[in-house]
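A closer look at the structure
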Protein chains: 2
Amino acid sequence: MSRLIEVTELALRDAHQSLLATRMAMEDMVPVCEDLDNAGYWSLECWGGATYDACIRFLNEDPWERLRKFRKLLPKSRLQMLLRGQNLLGYRHYEDEVVERFVDKSAENGMDVFRVFDALNDLRNLQTSIKAVRKTGKHAQGTICYTTSPVHTIPAFVEMAQKLKDMGCDSICIKDMAGLLKPQPAYDLVKGIKEKCGKDTLVHVHAHATTGVTLVSLVKAIEAGCDIVDTAVSSLSLGPGHNPTESLIELLEGTPYHTRLDMERILRVKRHFTTIRPRYREFLSDIVGVETEIFKSQIPGGMISNMESQLKGQGAGDRLQEVLLEVPNVRQDAGFPPLVTPSSQIVGSQAVFNILMGKYKVLTGEFADLMLGYYGSTLGEKNPDVLKRAAEHAKKPVITSRPADLLKPEWEHLRESANALEGANGTDEDVLTFAMFPQVAPKFFKARADGPKNLGKDPAKKVAASEAKSPAAGGAKPLEGSVSYVITLNGKEHQVSVAPGK
Amino acid sequence: MSRLIEVTELALRDAHQSLLATRMAMEDMVPVCEDLDNAGYWSLECWGGATYDACIRFLNEDPWERLRKFRKLLPKSRLQMLLRGQNLLGYRHYEDEVVERFVDKSAENGMDVFRVFDALNDLRNLQTSIKAVRKTGKHAQGTICYTTSPVHTIPAFVEMAQKLKDMGCDSICIKDMAGLLKPQPAYDLVKGIKEKCGKDTLVHVHAHATTGVTLVSLVKAIEAGCDIVDTAVSSLSLGPGHNPTESLIELLEGTPYHTRLDMERILRVKRHFTTIRPRYREFLSDIVGVETEIFKSQIPGGMISNMESQLKGQGAGDRLQEVLLEVPNVRQDAGFPPLVTPSSQIVGSQAVFNILMGKYKVLTGEFADLMLGYYGSTLGEKNPDVLKRAAEHAKKPVITSRPADLLKPEWEHLRESANALEGANGTDEDVLTFAMFPQVAPKFFKARADGPKNLGKDPAKKVAASEAKSPAAGGAKPLEGSVSYVITLNGKEHQVSVAPGK
């Protein structure tokens, strides 16, 4: 009678991306792999754009080597990644051959489930990668980026799901990046997809916890027939992260649903990350608790802090409220794109410009491209006046074709450029690293031999290191008596009394 | 078609009791009263045992004066309090006249809704207070302390609800002290009460957020017909506290349920407490995020820290795990009392003794009293061997009557003792303060004229105060260069660098 609900664990990717700025070192994840591998998850998400970026930018770690290690340490599990469609893990559109090669290499190195999305929900930006995944025989998951607007109706999303199914997707993901998915729409959307695409269509729901409502939404999605939900182990959960795995398991007790997760193993994983998390305190998200004002502004937390620093850089830190009110206007003018990387940054920056310089007096290049169709199409109509401004500004025509159709073959050129770099190892994997992060890859290839860095700090070790670096000659000045200070950490003020060490 | 769900706001009592050790000063609550009064709540909880205790013990504030101030500042609202039945706000049983006088005075000073509970769910411990509330014409809410055990079944709780109704209660509260109420039991229990006691029986659900599941439980309770739920404004929510008010409002959108709350006013309250909360950082609960291990141990967070310090005091800090495993055994031997003040402390202390001294080698006086019926009756059978040990130890008989029936009239004696104290003002309110807190009241009466203290610290002001108190003559030693330290705040280690002020 009881229906099995499958679960994807996010601890190894999105959880630390959302809570610890993606800084977690591989060696801090290795100790939990055996428990995760045997806990009964449907899949373990462990790879994606930000983890790849952080590996080469901050951790001096080869992301492909990380993938191979996960493959080895998690032999029984489906490994899952998040793929930005035609953008791969980078920030521009790639020509189809690059996309195909990336998918092939990812599958070859051990990836099983490819969750493929496009920031604008433009299916043409998904077609090449989904086709490539299907060719490898791996699991292609087509993604609906969930957002709310007058044009984003349940029937419109259901229609999109049907199209993803027609493209050959093995499952459909409803991806709620900002915690905007409320219980009733969650229910209606899953129900709608099951009715339209057939009962056997696998539906997978991903939601962030930011607004405090989405654990209820996961339950409503389950009641509507959802097959798989995403959660994160409790010690890496909540705030801008996700709902806690243990809470999901517990709350299903007595209902007509159950998971097959092994609580004892998950509690061991929980305890490990309880210890590890404070080591990354300097990267900890400022957001704690819940934040429901996102429902009104539609602006995710990360985007607000970006806009704040942009404004402060212009000496206009006091105009944030005006900008927050402008964002929904800009989003409407652009045809209601979902706000997720990169559309969130593009819309946010243009809102800042509108407030500082006057409405559409200055356009960012990216915003003009968004208006003119170079990122793909949006569900809503664009404001014709702003469209005209964009065409004048960028001196480019409006396009209605698939953006990648404008691209010329680029693999050979990328390969030559990558292989010419000091430290490049001649593999296609290195070419892909260079293709996606051309600014960062050269430095990384050169330093790669030094091996991975762990930015997590063992509190005991750190004191010694800081003392050695202290500007006062010979290290820290000895302190006599005790001193009281107010210290601001992650935006919270703390009254501390400092006394000499014992 | 949509059904109105009423809400009780906990910010003024249980929220800061759970998160800030009940230390919030009245002056930090005054600024939000107008918004709370006009936001559309069913009631505002603002008084109870811990707030009364903290007022006289820590804040030098007359709790009756606090009640009168709330009455004045919240003219449109129902004021609500939590009353421990025959224990009132103290820690022993009081003779009936004291109970009646307390209820009368509370009503007279402005209380509207009395939520009355007994830690053992022994209805005989509620009868006098409920009768007294009814006599005043105020709202008498009978409470079921929710717990789980082999004897605590849905039908048993429903039976209890019917008895509360028969006693004349105006509404029934399901009180989940530790976040143990899962969604399905929440649904079944509310449904059961509505079916047994009639659709028009008002059902009110109170749940803590500790385990991360109870927002779903509130929704399930609502689906089953629950009329009123308890929440706390988001900036005073979650962890060992409660589910966020704003999230509840938002998640009902599109469902057949709605609140009548004014979000704009609630967001102003939220922003106020976002500013105020950090001032009480030294009292902040250690628990953040969720903790599902409570489901297994049944031990609320506050109780674990009590037991830890008890064990450390005995040089046995390493034996906590054994004690945690012993608690459910002791609870079973005692007939499965719910674990809430004072039964949680009594069971927890006995478990510590069992581990340190051998099983029931030493009995605490309170545990013997619990076994022998001096706190009331339990739903489960008691272990006869342990009962025998308790009778031998305490040299007292088992009682089966209502504990308060053994008490002699005490009001006149309490009045004489209270009025003889320096600073006592001769009112019945002062007699009640003395009755409930005989150790603390004398000191409070003496110091009362100095006026309330605010333990929340304005970070800017605090530095000056600390410097003046610094042991080094003339205040803090000036610091040259910068020094790095690891500083532990609320159990979290922080790496900080301290530099001279600019």
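Note that the structure is a prediction, hence the values are computed from the model and not measured.

Let us look at the overall build of chain A. Helices and strands together make up the secondary structure of chain A, namely 21 helices and twelve strands. Computed over C-alpha atoms, the radius of gyration of chain A comes to 23 Å, within 12% of the 23 Å expected from 2.2 N^0.38 for 502 residues, which places it in the range of a compact globule. Taken along the three principal axes of its C-alpha coordinates, chain A extends 70 × 60 × 50 Å.

Residue and element names in this part refer to chain A. Two numbers describe how helix α8 (residues 183–197) lies on helix α9 (residues 214–223): the axes approach to 8 Å, and their chain directions differ by 25°. Between α8 and α9, the angle is such that the two are roughly parallel. Crossing handedness for the pair α8 and α9: right-handed. Seen from α8, the contacting residues are P183, A186, Y187 and V190; seen from α9, they are V216, S217, K220, A221 and E223. Split by residue class, the contact of α8 with α9 holds six nonpolar, one polar and two charged.

Here we come to the sheet that holds strand β8 (residues 202–207) of chain A. Strands in a sheet are paired, the pairing made by backbone hydrogen bonds, and the direction either parallel or antiparallel. Residue and element names in this part refer to chain A. Read once around its circumference, the closed barrel built from eight strands follows the order β2-β3-β4-β5-β6-β7-β8-β9, with strand pairing classed as parallel. Looking at each pair of strands side by side, their axes are set apart by 30° on average, direction ignored. Lying over the sheet, helix α6 (residues 127–136) contacts β4 (79–83), β5 (113–116) and β6 (139–145), oriented at roughly 155° with respect to β6. Relative to β8, α8 is tilted by about 160°, and along the sheet it contacts β7 (171–176) and β8.

V229 of chain A together with V229 of chain B are the most contacted members of the largest nonpolar core, which totals 280 residues. Sequence-distant contacts of V229 of chain B, that is, excluding residues within four places in its chain, are made with I5, V7, V205, L218, A221, I222 and L248 of chain B.

Counting along an α-helix, one turn takes 3.6 residues, and residues three or four places apart therefore face a common direction. All names here are of chain B. Look at helix α14 (residues 320–333): 20 Å from first C-alpha to last across 14 residues, which is about the 20 Å you get at 1.5 Å a residue. Along α14, the largest kink reaches about 30° and is centred on E326; proline P328 follows within four residues of it. Buried within α14 we find V323, L324, E326, V327, V330, R331 and D333. Note on α14: the residue one or two positions beyond its end, G335, has a positive phi of about 90°.

Moving on, we come to the environment of G376 of chain A. All names here are of chain A. Topologically, G376 is positioned in the loop between α16 (365–372) and α17 (384–394). Take G376: there are 24 C-beta atoms within 10 Å of it, and that puts it in the buried class. Distance from G376 to S18, taken between C-alpha atoms, is 27 Å for residues 358 residues apart in sequence. Excluding residues within four positions of it along the chain, G376 makes contact with D118, L120, D122, R124, N125 and P403.

A few words now on the pairing of strand β5 (residues 113–116) of chain B. Residues and elements named next belong to chain B. Where burial is concerned, the two faces of β5 agree: the one with V113 and R115 and the one with F114 and V116 are both buried. Bridge count for strand β4 (residues 79–83) against β5 is four bridges, and the pairing is parallel. When the bridges of β5 are listed, M81 appears paired with F114. A crossover links β4 with its parallel partner β5, the connecting element being helix α5 (residues 96–108), and its sense is right-handed. Sheet topology note: the β5/strand β6 (residues 139–145) ladder contains four bridges and is parallel. Residue pairing in the sheet places F114 in a bridge with A140 of β6.

In this section: the sheet that holds β6 of chain B. Residues and elements named next belong to chain B. What the eight strands build is a closed barrel, ordered β2-β3-β4-β5-β6-β7-β8-β9; its pairing is parallel. Adjacent strand axes in the sheet meet at a mean angle of 30° when their direction is disregarded. Together, β6 and β7 (171–176) form the strand contacts of helix α7 (residues 154–166), whose direction differs from that of β6 by roughly 160°.

The linkage connecting T341 of chain A with the following residue, P342 of chain A, adopts the cis geometry, with an omega of 0°. In this structure, P342 of chain A sits in the loop between α14 (320–333) and α15 (343–357). Within the chain, A21 of chain A stands out as a residue other than glycine whose phi angle is a positive 55°. Positive phi is not limited to glycine here, since K395 of chain B has a value of about 50°. With respect to the helices, strands and loops of the structure, K395 of chain B is situated in the loop between α17 (384–394) and α18 (411–419). We classify K395 of chain B as exposed; it has 7 C-beta atoms within 10 Å.

Here we take up the environment of V347 of chain A. Residues and elements named next belong to chain A. Following the sequence through the fold, V347 ends up in helix α15. The spacing of V347 and Q332 is 15 residues in sequence and 9.9 Å in space, taken between C-alpha atoms. Ignoring anything within four residues of it in the chain, the contact list for V347 reads V327, V330, R331, A334, P337 and L339.

Moving on: helix α8 (residues 183–197) of chain B. Residue and element names in this part refer to chain B. Given a rise of 1.5 Å per residue, 15 residues ought to cover 21 Å, and the 21 Å separating the end C-alpha atoms of α8 matches this to within 8%. Here α8 lies mainly inside the structure; eleven of its 15 residues are buried. Of all the residues in α8, the buried ones are P183, P185, A186, Y187, D188, L189, V190, G192, I193, K194 and C197.

Here we take up the packing of α5 of chain B against helix α6 (residues 127–136) of chain B. Packed helices, taken two at a time, are described by the angle between their axes plus the distance between the axes. All names here are of chain B. Axis separation between α5 and α6 bottoms out at 9 Å; the angle between their running directions is 35°. Of the two possible hands of crossing, α5 and α6 adopt the one that is right-handed. Taken together, the residues of α6 that come into contact with α5 (itself represented by D96, V99, E100, V103, D104 and A107) are T128, S129, A132, V133 and T136. Its residues assigned to classes, the contact of α5 with α6 shows five nonpolar, three polar and three charged.

Moving on, we get to the confidence of the model for chain A. All names here are of chain A. Per-residue confidence for chain A averages 91 on the pLDDT scale, and 90% of its residues sit at or above 70. Across residues 462–502 the pLDDT falls below 50, and counting only partners more than four positions away or on other chains, this stretch makes 85 contacts in the model. Across the interface, the model reports ipTM at 0.88; the global pTM reads 0.90.

With that settled, the discussion passes to the pairing of β4 of chain B. All names here are of chain B. For β4, a buried count of five out of five residues is recorded, marking the element as mostly surrounded by other parts of the structure. Residues L79, M81 and L83 point to one face of β4 and Q80 and L82 to the other, with burial holding for every one of them. Bridge count for strand β3 (residues 43–47) against β4 is three bridges, and the pairing is parallel. Residue pairing in the sheet places L44 in a bridge with L79 of β4.

What follows covers the environment of G192 of chain B. All names here are of chain B. Mapped onto the elements of the fold, G192 is located in helix α8. Sequence separation between G192 and P155 is 37 residues; the distance between their C-alpha atoms is 7.5 Å. Non-local contacts of G192, meaning those with residues more than four positions away in its chain, are made with I154 and V158.

About the thresholds
- Residues numbered from 1 in each chain as written.
- Chains lettered and ligands numbered in written order.
- Predicted model: local features only at pLDDT ≥ 70, side-chain atom pairs only at ≥ 80, totals over all residues.
- Helix = DSSP H or I, 4+ residues; strand = E, 2+ residues; numbered from the N terminus.
- Rg over C-alpha atoms; globule rule 2.2 N^0.38 Å.
- Axes fitted to C-alpha atoms, helices over the stretch in contact; angles between N-to-C directions.
- Parallel < 35°, antiparallel > 145°, perpendicular 65-115°, else oblique.
- Left-handed = near helix turned anticlockwise from the far one by under 90°.
- Contact = placed C-beta atoms within 7 Å.
- Nonpolar A, V, L, I, M, F, W, Y, C, P; charged D, E, K, R; others polar.
- Pairing = 2+ DSSP bridges.
- Core = buried A, V, L, I, M, F, W, Y, C linked by C-beta atoms within 7 Å.
- Buried ≥ 20, exposed ≤ 12 C-beta atoms within 10 Å, placed from the backbone.
- Expected span 1.5 Å × (residues − 1).
- Bend = angle between axes of the 7 residues up to and from the residue.
- Right-handed = clockwise from strand over helix to strand, strands pointing away.
- pLDDT = per-residue confidence, 0-100.

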